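So you can see what is in the structure, the chains are spelled out below.
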Amino acid sequence: MSLNRNVAAIAVGAAGLMALALAMVFFVAPEDADQGISQKIFYFHVPIALTAYACFGTGAWKGLRLLWTGAERYDLESYTAIHQGTIFGALTLLTGSIWAKASWGVWWAWSSNQLVLFLVLFLFYCAYFMLRFSVEPGTRRARVSAVYALFGVALIPISFLAIRLANDFIHPTVFTRHGAQMTGTMLAAFWVSWAALLLLAFVMYRVELIGKHIDANLRDLRDILTAR
Amino acid sequence: MSSGEKYVAAAYAVVLLAVLVWVAIIAAKLVRLERETAELATLARRPAGERQSTDG
Amino acid sequence: MSAYAADVAALARKDLRLELRAKDTLPAMLLFVLATLVVFHFALPPDAGDDAAYGLLWVALVFTALLGLGRAWVPEREGAALDGLVLAPCDRSAIWLGKALATLAFLVAAEVVALPAFALFFAPLRGTALLGVVLVDIGICTVGSLVSAMAASSRTRELILPLLFLPLAIPLIVGGVGSSISPDGGKYLLFLALYDGVFSILSWASFEYVVTE
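Description of the structure in this document.

Here is what the cut-offs are and how they apply
Residues numbered from 1 in each chain as written. Chains lettered and ligands numbered in written order. Predicted model: local features only at pLDDT ≥ 70, side-chain atom pairs only at ≥ 80, totals over all residues. Helix = DSSP H or I, 4+ residues; strand = E, 2+ residues; numbered from the N terminus. Rg over C-alpha atoms; globule rule 2.2 N^0.38 Å. Buried ≥ 20, exposed ≤ 12 C-beta atoms within 10 Å, placed from the backbone. Contact = placed C-beta atoms within 7 Å. Axes fitted to C-alpha atoms, helices over the stretch in contact; angles between N-to-C directions. Parallel < 35°, antiparallel > 145°, perpendicular 65-115°, else oblique. Left-handed = near helix turned anticlockwise from the far one by under 90°. Nonpolar A, V, L, I, M, F, W, Y, C, P; charged D, E, K, R; others polar. Core = buried A, V, L, I, M, F, W, Y, C linked by C-beta atoms within 7 Å. Expected span 1.5 Å × (residues − 1).

1. Topic: the overall build of chain C
Next up, step 1: Along the backbone of chain C there are 9 helices and 0 strands.
Next up, step 2: Secondary structure elements in chain C, listed N-terminal to C-terminal, are α-α-α-α-α-α-α-α-α.
Next up, step 3: Expected size for 213 residues packed as a compact globule is a radius of gyration near 17 Å; at 17 Å, chain C falls within 12% of this value.
Next up, step 4: Each principal axis of the C-alpha distribution contributes one length, and for chain C these read about 55 × 35 × 30 Å.
Next up, step 5: Looking at the 213 residues of chain C, the share that counts as buried comes to 46%.
Next up, step 6: Pairs at least 24 residues apart make up 81% of the contacts formed inside chain C by residues separated by at least 6 positions.

2. Details of the overall build of chain A
Next up, step 1: A tally of regular secondary structure across chain A gives 6 helices and 0 strands.
Next up, step 2: Along chain A, helices (α) and strands (β) appear in the sequence α-α-α-α-α-α when read from the amino end.
Next up, step 3: Viewed in the frame of its principal axes, chain A has a C-alpha envelope of about 70 × 45 × 25 Å.
Next up, step 4: Among the 228 residues that make up chain A, the fraction classed as buried is 44%.
Next up, step 5: A fraction of 79% describes how many contacts in chain A between residues 6 or more apart in sequence connect residues 24 or more apart.

3. Section: the environment of Trp99 of chain A
Next up, step 1: Inspection of the secondary structure puts Trp99 of chain A in helix α3 (residues 73-104).
Next up, step 2: With 27 C-beta atoms counted inside 10 Å, the residue Trp99 of chain A sits in the buried group.
Next up, step 3: In the structure, Trp99 of chain A is positioned 66 residues away from Leu165 of chain A in sequence and 24 Å away in space, judged by C-alpha atoms.
Next up, step 4: For Trp99 of chain A, the contacting residues outside a window of four places in its chain are Ser38, Ile41 and His45 of chain A together with Ala11 of chain B.

4. Examining the packing of helix α6 (residues 184-227) of chain A against helix α1 (residues 3-45) of chain B
Between two packed helices, what matters for the description is the angle formed by their axes and the separation of those axes.
Next up, step 1: At a closest axis distance of 10 Å, the pairing of α6 of chain A and α1 of chain B adopts a crossing angle of 20°. When the interaxial angle is binned, α6 of chain A and α1 of chain B end up roughly parallel. α1 of chain B is crossed by α6 of chain A, and the crossing has left-handed handedness. Across from Met204, Val207, Gly211, Ile214, Leu218, Leu221, Arg222, Leu225 and Thr226 of chain A in α6 of chain A, the residues of α1 of chain B making contact are Trp22, Ile26, Lys29, Leu33, Glu36, Thr37, Leu40, Leu43 and Ala44 of chain B.
Next up, step 2: Its residues placed into classes, the contact of α6 of chain A with α1 of chain B shows 12 nonpolar, 3 polar and 3 charged.

5. What about the nonpolar core?
Next up, step 1: Ranked by size, the top nonpolar core spans 140 residues in total, and within it Ile41 and Leu131 of chain A together with Ile140, Val147, Met150, Leu164 and Val210 of chain C carry the most contacts.
Next up, step 2: When neighbours within four sequence positions are excluded, Ile140 of chain C is seen to be in contact with Val62, Ala65, Leu107, Ala169 and Leu172 of chain C.

6. Structural notes on the arrangement of the chains
Next up, step 1: The highest contact count of any of the 2 pairs of chains in contact belongs to chains A and C.
Next up, step 2: Where chain B comes nearest to chain C, the C-alpha atoms are still 23 Å apart, and the two do not contact one another.

7. What about the interface of chain C and chain A?
Next up, step 1: Listed by partner, the interface residues are 28 residues for chain C and 28 residues for chain A.
Next up, step 2: At the level of secondary structure, the elements contributing two or more residues to the side of chain C that touches chain A comprise α8 (157-181) and α9 (185-211) of chain C.
Next up, step 3: Considering every element that reaches the side of chain C that touches chain A, the biggest residue donor is α8 of chain C, with 11 residues.
Next up, step 4: For the side of chain C that touches chain A, a count of residues per class yields 19 nonpolar, 6 polar and 3 charged.

8. Things to note about α1 of chain B
Next up, step 1: Taking 1.5 Å per residue as the helical rise, α1 of chain B with its 43 residues ought to reach 63 Å, and the 62 Å between its terminal C-alpha atoms agrees with that figure.
Next up, step 2: Residues Tyr7, Val8 and Ala11 of chain B constitute the buried set of α1 of chain B.
Next up, step 3: Buried-residue contacts for α1 of chain B involve α2 (42-69) and α3 of chain A.

9. Things to note about α3 of chain A
The α-helix advances 3.6 residues per turn, and as a result positions three or four apart in sequence lie on the same side.
Residues and elements named next belong to chain A.
Next up, step 1: For α3, with 32 residues, the first-to-last C-alpha span of 45 Å sits near the 46 Å given by 1.5 Å per residue.
Next up, step 2: With 25 of 32 residues buried, α3 lies mostly within the body of the structure.
Next up, step 3: Remark: Gly105 follows α3 within two positions and exhibits a positive phi of approximately 85°.

10. Regarding the packing of α3 of chain A against helix α4 (residues 113-133) of chain A
Residues and elements named next belong to chain A.
Next up, step 1: Orientation of α3 relative to α4, taken along the N-to-C sense of each, is 145°, at an axis distance of 9 Å. Relative to α4, α3 is oriented so that their crossing is left-handed. Along its contact with α3, which presents Tyr79, Ile82, Gly85, Thr86, Gly89, Ala90, Thr92, Leu93, Gly96 and Ala100, the element α4 presents Gln114, Leu115, Phe118, Leu119, Leu121, Phe122, Tyr125, Tyr128 and Arg132.
Next up, step 2: In the contact of α3 with α4, the residues fall into 12 nonpolar, 6 polar and 1 charged.

Given below as structure tokens:
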């Protein structure tokens with residue numbers, strides 16, 4: 001995979017973008033009139049959530065490719081992508097919870113659709129790992145994992161719709177927080193931050209994948225050497 | 001620091017800590033890979049016929 | 001097309017006949033759902049409104065279905081019949097559909113007792129709620145049959161089935177509760193229909209990959 005040669009370069013790029021993002025968030029973007037400084041959490045929390053979606057989507061796509069072509073490499077790629085998605089999903093919940101405490105004084109709010117959605121997805125993808133660890137390695141495990149990854153991606157919009165509908169009759173204490181009325185510099189900081197986090201996720205994904213490939217090669221090597 | 005600033009710091013710190021934990025896990029994996037490659041290198045250097053299937 | 005339908009019918013009939021002979025899953029589901037309803041009576045505070053009871057109805061139905069789904073592929077597992085079915089010259093998805101229909105039959109049979117019991121113990125069920133039950137049943141049985149087959153390839157079978165199934169069941173619970181208590185119940189029925197459509201197609205298309213190497 002020639003892309004691996006560039007992983008270090010991409011990591012440097014991610015570091016640079018991250019530095020730029022932090023500078024923009026804390027020194028350039030104006031402070032939000034209503035929420036004050038706690039709004040700054042938004043610049044990480046939302047991109048992390050979007051990155052998690054991207055990772056789950058990639059995992060599902062790789063899973064589809066596995067079912068389509070049968071090429072074994074897609075299993076590892078799908079698994080690694082979903083692993084990154086779960087990491088970023090957990091970070092979404094953590095940063096979201098801190099933001100909720102900063103904005104509304106509570107660590108959890110069922111009225112926050114995104115928080116609830118990520119909780120459901122987190123449960124779903126944790127079960128993915130439990131499933132993976134309880135099936136013998138092989139084609140069956142790869143296929144079952146791929147199908148489950150596809151179900152996950154279908155669950156995302158349906159769950160979101162369900163949570164929105166549920167708010168009609170759960171009558172939670174409604175907290176309001178606006179997101180999209182951003183000035184130009186705020187929007188720019190958001191995009192840079194998102195780019196930095198996407199690159200970070202990509203680097204983490206590649207590094208983990210390289211580790212898994214090395215594992216696989218070592219296993220084969222061991223089999224060959226001990227069989228002689 | 002106002003309480004708002006504390007929460008912002010906490011949120012960004014959580015992300016930094018997560019990445020560092022991930023680095024630690026990768027580092028541990030790298031150490032294990034180094035040990036395994038060293039074992040396999042020893043196996044490979046021995047002349048053929050002597051190699052026994054050990055712990056695999 | 002009719003060969004497919006015949007396969008599905010034969011497979012569903014096989015499951016129903018096995019159950020009629022063994023009589024183990026359906027009585028257990030019936031007793032479980034009734035016992036759960038009684039437990040809920042004691043779990044709810046005395047001033048809890050009907051809304052809370054409706055919520056618990058759907059929980060009871062989902063968990064009763066889980067009970068049945070845990071047993072869904074057991075006849076195929078004992079005697080490695082699933083391998084035989086997979087080798088048979090029928091479309092693999094027919095196996096899934098047959099299983100889903102049989103599970104649906106069991107669930108409906110349990111509900112024939114459970115729903116009147118609920119109406120008796122707690123609160124009456126309106127038309128949209130009953131339609132909701134039908135749509136939720138379809139969702140449970142289609143997704144559940146697939147997920148149950150996934151769990152069957154796992155070492156931890158019965159342990160992992162609820163973990164795989166419950167996140168997928170959350171939208172069904174929302175739809176069901178909404179159809180029971182919301183003034184705009186039709187919206188929730190439409191949502192349930194969407195869920196059923198999306199996940200039925202997904203389950204139908206992917207079942208083959210879950211049972212083959």
